[in-house]
Amino acid sequence: AKAAGRRTSRFFEPAMEAEVRARRVLETDLRQAITDGGFEVYYQPCLSLQDNSITGCEALLRWRHPQRGMISPADFIPIAEETGLINQLGEWVLTTACREAATWPDHVKLAVNVSPVQFKSGTLALKVITALAASGLAASRLELEITEAVLIRDDDAALAILHQLRDIGVRIALDDFGTGYSSLSYLQRFPFDKIKIDRCFVTDLASPEGSSSIVQAVVNIAADRRMTTTAEGVETEQQRELLRALGCSEMQGYLFSPPKPAADIRPLLTTHRQD
Ligand code: C2E
Ligand code: CA
Ligand code: CA
Ligand code: CA
């Protein structure tokens, strides 16, 4: 058994070392990019399924790596979270996006993703207040998107932070609903304004054994608890029609627009015509 153990570790070590090294390089590059301004915030519009008006935009972080080109947030956010760099990065996104949104028409809201690490840092509320004050954006126009990951362990602490944020006047959306640890009981215990229905349910909507009954259930519970629903990743006209028929409030997705730089989104917000 001893020999086998040694053989196993010899087999895995080089691969693990390479992985650790790659992460360390990416971490160094991340720190550098934070100093150099290597990031940009893109915005994706969110539309009412009732009248097709643009109700808001979600801020999505982009990293232009000097050698590797555009790196997806899915690839660097986990590292930023492990290293704590997400706190600085998240604060930058919040400040930048609030400043941008303050130039939009008043009815257009801004949604900003908040990492569980930021949520638990103890300084989120203060950072939100600071970003709002610096930009002049009304609190009621800011929506924070959190995931279920922040709710699973310390219920009471999470609840206290959510109430703190609501006291500021910002809205809270539950992101990626239906993935991971999702539990319907969260919807009862926590004060959300909005549920974002994950793209996997939207993709699956039109198939025979599809997810329409799940989406219907979520929409019903949301309506019952006075929350709105946003469907993520809407790519086809058929999906849009099904979601509208199911009573979903809003949609986001490539069908209307992918995330784009601020300069490309701004004109859309004033020229887009609703039904
Ligand atoms: P998310 O919050 O669920 O954001 C939605 C993702 O779906 C975005 O990917 C968006 O570009 C993509 N998307 C939108 N419409 C469609 C569509 O019709 N089809 C498809 N296939 N995809 C669509 P993105 O921008 O790569 O972001 C990935 C994830 O990274 C986000 O998922 C979010 O969890 C995280 N993220 C992005 N920006 C931030 C940030 O500023 N802070 C934090 N903490 N996380 C962020
Ligand atoms: Ca989101
Ligand atoms: Ca999402
Ligand atoms: Ca997602």
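Scope of this entry: the structure provided in the associated data block. (Residues numbered from 1 in each chain as written. Chains lettered and ligands numbered in written order. Predicted model: local features only at pLDDT ≥ 70, side-chain atom pairs only at ≥ 80, totals over all residues. Heavy atoms only, no water.)

1. Regarding the site of ligand 1
Okay, so step 1: Close contacts around ligand 1 come from 20 residues, with Gln44, Leu61, Arg62, Glu235 and Tyr254 the closest.
Okay, so step 2: Across the complex, the protein chains shield 81% of the 800 Å² of accessible surface that ligand 1 would expose by itself.
Okay, so step 3: More than half of the atoms belonging to ligand 1 lie within 2 Å of the grid points that define the largest pocket.
Okay, so step 4: When residues of the shell around ligand 1 are traced back to their parent elements, those giving at least two are strand E2 (54–65), helix H2 (73–83) and strand E6 (171–177).
Okay, so step 5: By residue number, the principal contributor to the shell around ligand 1 is E2, which donates four residues.
Okay, so step 6: Class assignment for the residues of the shell around ligand 1 results in eight nonpolar, five polar and seven charged. (Near = heavy atom within 4 Å. Areas by Shrake-Rupley, 256 points an atom, 1.4 Å probe, with all protein chains shown as cover. 1 Å grid on protein atoms, 1.4 Å probe; cavity = no way out; pocket = protein on both sides within 12 Å on 5 of 7 lines; lining within 4 Å. Sits in = over half its atoms within 2 Å of the grid points. Helix = DSSP H or I, 4+ residues; strand = E, 2+ residues; numbered from the N terminus. Nonpolar A, V, L, I, M, F, W, Y, C, P; charged D, E, K, R; others polar.)

2. Quick notes on the nonpolar core
Okay, so step 1: Residues Tyr43, Leu110, Phe119, Leu142, Leu151, Leu165 and Phe192 are the most contacted members of the largest nonpolar core, which totals 74 residues.
Okay, so step 2: No other element matches the seven residues that helix H3 (residues 86–101) contributes to this core.
Okay, so step 3: If we skip the residues at most four places from it in the chain, phenylalanine 119 touches Val114, Leu124, Ile146, Val150, Ala158, Ile161, Leu162 and Leu165. (Core = buried A, V, L, I, M, F, W, Y, C linked by side-chain atoms within 4.5 Å. Buried < 20%, exposed > 50% of the residue type's maximum accessible area, 1.4 Å probe, protein only. Contact = heavy atoms within 4.5 Å.)

3. Some words on empty space enclosed by the protein
Okay, so step 1: One pass over the structure, following the stated rule, counts one cavity of 30 Å³ or more.
Okay, so step 2: There is about 50 Å³ of room inside the largest cavity.
Okay, so step 3: In terms of lining residues, the largest cavity is bounded by Asn87, Gly90, Glu91, Leu94, Gln118, Ser121, Thr123, Leu124 and Lys127.
Okay, so step 4: If you list the elements that add at least two residues to the lining of the largest cavity, you get H3 and helix H5 (124–135).
Okay, so step 5: Tallying contributions element by element places H3 first for the lining of the largest cavity, with four residues.
Okay, so step 6: Per-class residue counts for the lining of the largest cavity are two nonpolar, five polar and two charged. (Points joined across faces, edges and corners; volume = space filled by probe spheres on them.)

Honestly, it's all geometry; don't read function into it.
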